[in-house]
Structure formats: C-alpha cells, structure tokens
Amino acid sequence: MRVKSKGAVYLVGAGPGDAGLLTLRGAELLRCADVVVYDLLVNPALLRLARVDAEIISRGKRTEFSQEQINSLMIEKAREGKCVVRLKGGDPYIFGRGGEEAEVLAATKIPFEVVPGVSSIVAAPNYAGIPLTHRDVCSSFTVFTGHENPGDEKTELRHDQIAKIPGTKVVLMGTENLGEWTKSLIANGMWPETPVAIVESGTLGKQKSVSGTLATIAKLAVERKISPPALTVIGDVVKLRGKLNWFENLPLFGKRIVVTRSRGQMAKFSQKLSELGADVLEIPAVKGVMPDNKQLLVDALLSLNSYDWLVFTSGNGVTTFFDFFFKRFQDLRDIGGAKIAAVGPATAAKLHELHLQVDLMPEEFVGRKIAEAFAKHSSIENSKICLLRAENANRDLPDALEEMGAIVDDIGLYKTVAETEDFFDAAKNFLERGADWITFTSGSTVEFFHARFDLQKLLKKFPQMKLASIGPETSKAISALGLKPALEAKEHTTDGLIAVLLKAI
C-alpha cells in the first residue's frame, strides 16, 4: 500500500455523488486515514470506508470552517504524524480550491498527494443521458462557471467570446443567475432554440433533469424548482438524451427509501437500492451494544464441545460470536463438533465465509420456523443447543425447542438498543422532506424508529409514505402500532424486500 510513513495530506477527489465512482486509490487511502476532513457535498456513504477509530471532521452545516481554518487543520494534523485525507467533491483541482490547498501544503513542506476524482462535468451529463461529444454532433466541449467573483476582472466571463465557441458548453454553478447568462448568450449571437438541459444532484437517486432551449430553460428550471448543486449542458448533444437516458430509467429511480438497519448491517442493502436508482436515506434505528450478562457468553465459549447444535439467527450474530471466539481461541477447530443451524441465507452466507457448513436452514426464514425444521430433520430430545442471538429476544424459538425436549442455552451476543445519533443530518432531512418508503427488517427497528419519530404522526404529515416489512414478525410489530405494512417480503431477506418493492413500483 503506497502510503507515506510520516504525516502527510492526501487531497482525494470523492467524485460527483454516487459512492461507486470513488477511485480505487481514494478508497485505499480512506481505509488507512487517521483523519478525514470532508466537504458537505461528499456522499456520507464513503465514510464507511474509514477506520472505526478515524477522526471524521465535516466542513459542513454542523461545523463551518473557513478555507484558512481548513488549511491550518490539515497542517496541524500532518505535523502530528497523521495520515490526513482531505475528501473533496468531484475532482480536487476542478473548481474545488484543491490547487490553493496544495500550494499551502507545498509552502509549509507538508508531504502531499493529489488523487483525481470523477468530475460532475462528465458524470452528471452521463447520468442524464447526454454525451458531451459525439461523432455525429460535435468533437469538443467547453466548461465555464456561471458564478463569477463580482469586481474581479480575472474571473469576468466574456459571453461574446463564449457564444462563438463551437461544440458543447457545460456551465457549473450557474443556477442562481441562469436567466441572466442565458439571455446574455442569446444577445451575443447564440440561437435561442439551442438545446439545453440542466441536471440537479447528478449521479444520485434524487437527480432531477430538465430539458429545454436557451430561451426557455430559465423558466423551466423555476417551474421544476431546480436548485444547486446543478450544472447546465448546452448544445445538440442534449437531443440524444431521449435515447441514452439510462440512469433515470432505472426501476427505483427517484424513489426515496429509508433504510433503518444498524449502521454495521445496512451497507449492502443500501448499495443494492442505490444501484437500482433509489435515493437512499440511511437512518439506523438500532445498534448493538455489549450484553448485560456477558458471563453467559464466556461460559458458552468455554463449553463449546458440550453442544450438539449451534443456532444462529442473524448475520450480525455470526460476526459478533466469532469476534468473541477469536479473541479467546486461535484455531477454528476449537468450535467443537456441534452441528450448525442458520435462520436464513444471509446468516448462512456469513458462516460460509468462515468455511463452516450449515446443517439446517428452514425454508421460511423466520426464527420459530427453525423449530419446525428441527422436527423434520431429526429428534432433538435431550440435545444440548446453544442459541446465539440478541439478548432479550422473543422467547418463541427457545420455548418451541424446549417443548421438543431440547436443553437450550439462550446466549445474548449483543443487546439491541435505540440508535439516536443523526448521522450526516439524515434524520433532519427526513423530517423535512419525508420519503416514499420506510423499510423495516426486524421488530426492533420498528419499535425504536417509532419511539424516535412517531410513525402515525409521520404518515399523516407525509401521506405518500408507505411501510415495507421484511417478514411476519416485523409486520406484527407494525400492526401492534395500529398500522399496516403496504408490503411484506415473501422471502424474508433484504433481497426479498427489494423484490417486492420492484413489483410495487
């Protein structure tokens, strides 16, 4: 891994918004950073790549830093011998003041590296179905900013010259004075019917695009309530949008979907939703903490050889159990000769990652169905079963196993509690704008989400919002609130939840 051993600063381009457009080098540096200083427009999902112990500093709504303060912060942290990643939207050197930051680092002799990023200049038009060049249309493009520095002749735009430049024109930061500069380009000779498109929040599920002409785009942008960040594309390439608009035709495009799983579990689910075009809002309702009775787990680890079965009810349970296991044992063979049961494919997949064979899995992925699966598999009378799951979970499963004659040790691996932190202002955003769907993956996510937000009140405020449940136990928790899920997954997995969302939309 090419990372300087002493303090250094890495100016990393975060890309235009879609987390998948971060470069491999950028991801590598985020994983080893001691400090990450990120801008407001950076996708928060990228911060999941950072180490758990990394210092994360936002240059955004919560903490407003001036450019001078940012410069001082980078220098201070680097001089402490830390690896500092300065995460900047798009590309650091394109309208991002990265050049100024690099100059300061060079002047103070702080080792630095600049990692290019995908710029919205090319990405946003791409995601709106607009190629900037095309053999049959044009072979060049020009980029300029619509946001000038008043009174500074060096930044003054020469609309008379811009109007004469052939090819595609891309305008950044020009939304607020869109009407002024479009009129100026027309006054300086551009054809009023020149095709124009404006793209807001390009590459994200909340992307909004409007097509018109140089003469009409300002009015259309007001009607569609276009706001920054947005860029404008001018030229005949805009006509190709009807054929090439791949992103906005994705099945979940424009649907705002709330994910309520714990932070440690939501990444894959969120990513799959995003890849289908959804605008994903991550508001974890729960988190796992140490169980109240940790001694039960310690005793179970010391008695593994005495069990006939180990039963896992979640992928999180598998991860937590083996985190504890490998702190005490060095060899996986110390798990003993017990057979293994898993509640569903996601849990089984976690076990397979450790090259452990799953001996029993119910056809329906609900905890109590494990008891039915045991009944079909073989007698468990007098069998000793270690049930590994959340502390104080529903008693249905251990009761059913004990009724079949098993001796059950119900071991709490973690305790599920409410998550109350508002990561990256997601909860604030949700309360202001609502969503189309709230997805629930367990009864506890329903319980704690309702305690925090009051679901009945929210559904009255945002009548278009619907609830989606992963399975009957989760639906039962929703029904207990006097509500009804609009959807319930037939296969009780996140993939099953996505499948029913796709059918409903």
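Residues numbered from 1 in each chain as written. Predicted model: local features only at pLDDT ≥ 70, side-chain atom pairs only at ≥ 80, totals over all residues. Heavy atoms only, no water.

S.K.: An account of the overall build of the chain is needed here, citing residue identities and associated values.
M.R.: Within the chain one finds 19 helices and 20 strands. Dimensions along the principal axes, computed over C-alpha positions, put the chain at roughly 90 × 55 × 45 Å. Expressed as a percentage of its 505 residues, the buried residues of the chain come to 49%. Total accessible area on the chain is roughly 24,400 Å²; 51% of this is exposed by carbon and sulfur atoms. Computing the positive centroid from 62 side-chain charges and the negative centroid from 62, the chain places the two 3 Å apart. (Helix = DSSP H or I, 4+ residues; strand = E, 2+ residues; numbered from the N terminus. Buried < 20%, exposed > 50% of the residue type's maximum accessible area, 1.4 Å probe, protein only. Areas by Shrake-Rupley, 256 points an atom, 1.4 Å probe, with all protein chains shown as cover. Lys, Arg positive; Asp, Glu negative; His and termini not counted. Charge placed at Lys NZ, Arg CZ, Asp CG, Glu CD.)

S.K.: Could you give me a rundown of the pattern of salt bridges, with the residues and numbers involved?
M.R.: Inspection of the entire model under this criterion finds 22 salt bridges. When the shortest N-O distance is used, the salt bridge between Asp410 and Arg395 registers 3.5 Å. One end of the pair, Asp410, is in strand 17 (residues 407-418); the other, Arg395, is in the loop between strand 16 (384-390) and helix 14 (396-403), with 15 residues separating them in the sequence. By relative accessible area, Asp410 is classed as partly exposed at 26%. Linked by salt bridges that have partners in common, Arg389, Arg395, Asp399, Glu402 and Asp410 make up one network. (Salt bridge = Lys/Arg side-chain N within 4 Å of Asp/Glu carboxyl O.)

S.K.: Account for the packing of helix 15 (residues 426-433) against helix 16 (residues 443-453), naming residues and giving values.
M.R.: With their axes 13 Å apart at the nearest point, helix 15 and helix 16 run at an angle of 70° to one another. Here helix 15 lies roughly perpendicular to helix 16, going by the angle between them. Crossing handedness for the pair helix 15 and helix 16: right-handed. For the pair helix 15 and helix 16, contact is made by Ala427, Phe430 and Leu431 and by Phe449, Arg452 and Phe453, respectively. (Axes fitted to C-alpha atoms, helices over the stretch in contact; angles between N-to-C directions. Parallel < 35°, antiparallel > 145°, perpendicular 65-115°, else oblique. Left-handed = near helix turned anticlockwise from the far one by under 90°. Contact = heavy atoms within 4.5 Å.)

S.K.: Please provide a residue-by-residue account of the sheet that holds strand 1 (residues 8-13), values included.
M.R.: The strand order across the open sheet formed by 5 strands is 3-2-4-1-5, and the pairing between neighbours is parallel. Edge positions in the sheet fall to strand 3 (55-59) and strand 5 (112-115), since each has one partner strand and no second. The sheet shows a mean angle of 15° between the axes of neighbouring strands, taken without regard to direction. Each of strand 1, strand 2 (35-39), strand 4 (83-88) and strand 5 is contacted by helix 1 (residues 24-32), which is oriented at about 135° to strand 5, the strand it contacts most. Those strands touched by helix 3 (residues 98-107) are strand 1, strand 4 and strand 5, and its axis lies near 170° from that of strand 1. (Pairing = 2+ DSSP bridges.)

S.K.: Tell me about helix 12 (residues 345-353), residues and numbers included.
M.R.: Given 3.6 residues per helical turn, the α-helix brings residues three or four places apart onto the same face. Taken residue by residue, helix 12 has Thr347, Ala348 and Leu351 as its buried positions. Along helix 12, the residues classed as buried sweep out an arc of 100° about the axis, all on the same side. For helix 12, the exposed residues set more than 90 degrees away from the buried face come down to Ala346 and Glu353. Lining the buried residues of helix 12 we find strand 14 (309-312), helix 11 (315-328) and strand 15 (339-342). At the exit of helix 12 stands His355, carrying a positive phi of roughly 60°. (Arc of directions from axis to C-beta.)

S.K.: Break down the nonpolar core for me, with residues and values.
M.R.: In this structure, Leu310, Phe312, Phe321, Phe322 and Leu351 are the most contacted members of the largest nonpolar core, which totals 27 residues. In terms of residues, this core owes the most to one element, helix 11, which gives 5 residues. If you look at the next biggest cluster of nonpolar residues, it comprises 22 residues, including Val286, Phe430, Phe449 and Phe462. (Core = buried A, V, L, I, M, F, W, Y, C linked by side-chain atoms within 4.5 Å.)

S.K.: Would you mind going over the sheet that holds strand 19 (residues 466-469) in detail, with residue names and values included?
M.R.: Backbone hydrogen bonds hold the strands of a sheet together, and the pairing may be parallel or antiparallel. Within the open sheet, the 5 strands sit side by side as 12-11-18-19-20. Their pairing is parallel. Both outer strands of the open sheet, strand 12 (279-282) and strand 20 (487-488), are each paired with one neighbouring strand and no more. The sheet contact formed by strand 18 (residues 437-440) and strand 19 spans 4 bridges and is parallel. Along strand 19, the bridge assignment pairs Trp437 with Lys466. Relative to the sheet, helix 19 (residues 494-504) contacts strand 11 (256-259), strand 18, strand 19 and strand 20, its axis offset from that of strand 18 by approximately 155°.

S.K.: Break down the packing of aromatic side chains for me, citing the residues and quoting the values.
M.R.: How two aromatic rings sit relative to each other is set out by the distance from centre to centre and by the angle between their planes. For the structure on display, the rule yields 20 aromatic pairs. On the numbers, 5.6 Å between centres and 85° between planes, the contact of Phe430 with Phe453 is edge-to-face. Taken together, the residues Phe430 in helix 15 and Phe453 in helix 16 connect sequence positions 23 residues apart. Take Phe430 and Phe453: they sit in the same class, and that class is buried. Among the aromatic residues, those joined into a cluster by ring pairs are Phe312, Phe321, Phe322, Phe325, Phe326 and Phe329. (Phe/Tyr/Trp six-rings, centres within 6.5 Å; stacked < 30°, edge-to-face > 60°.)

S.K.: Talk me through unusual backbone geometry; I want residue IDs and the actual numbers.
M.R.: The amide bond that connects Pro228 to the next residue, Pro229, takes the cis arrangement and shows omega of 0°. Mapping Pro229 onto the fold places it in the loop between helix 7 (217-223) and strand 10 (230-234). A positive phi angle, close to 50°, is found at Phe95, a residue other than glycine. Mapped onto the fold, Phe95 is located in the loop between strand 4 and helix 3.

S.K.: Requested: an account of the state of the cysteines, with residues and values cited.
M.R.: Tallying each qualifying case throughout the model produces 0 disulfides. Unpaired in this structure, Cys83 has its nearest cysteine sulfur neighbour in Cys32, at a distance of 4.4 Å. (Disulfide = S-S within 2.5 Å.)

S.K.: How would you sum up helix 14? Please name residues and give values.
M.R.: Among the residues making up helix 14, those that are buried are Leu397, Pro398 and Leu401. For helix 14, the arc enclosing every buried residue in end-on projection is 95°, short of the 170-degree limit, so these residues lie on one face. Immediately beyond the C-terminal end of helix 14, within one or two residues, lies Gly405, with a positive phi of roughly 100°.

S.K.: So what about the pairing of strand 19? Which residues, and what values?
M.R.: The pairing of strand 19 with strand 20 spans 2 bridges and is classified as parallel. Within strand 20, the position partnered with Ala468 by the bridge is Leu487. Handedness of the strand 19-helix 18 (residues 472-479)-strand 20 crossover: right-handed. (Right-handed = clockwise from strand over helix to strand, strands pointing away.)

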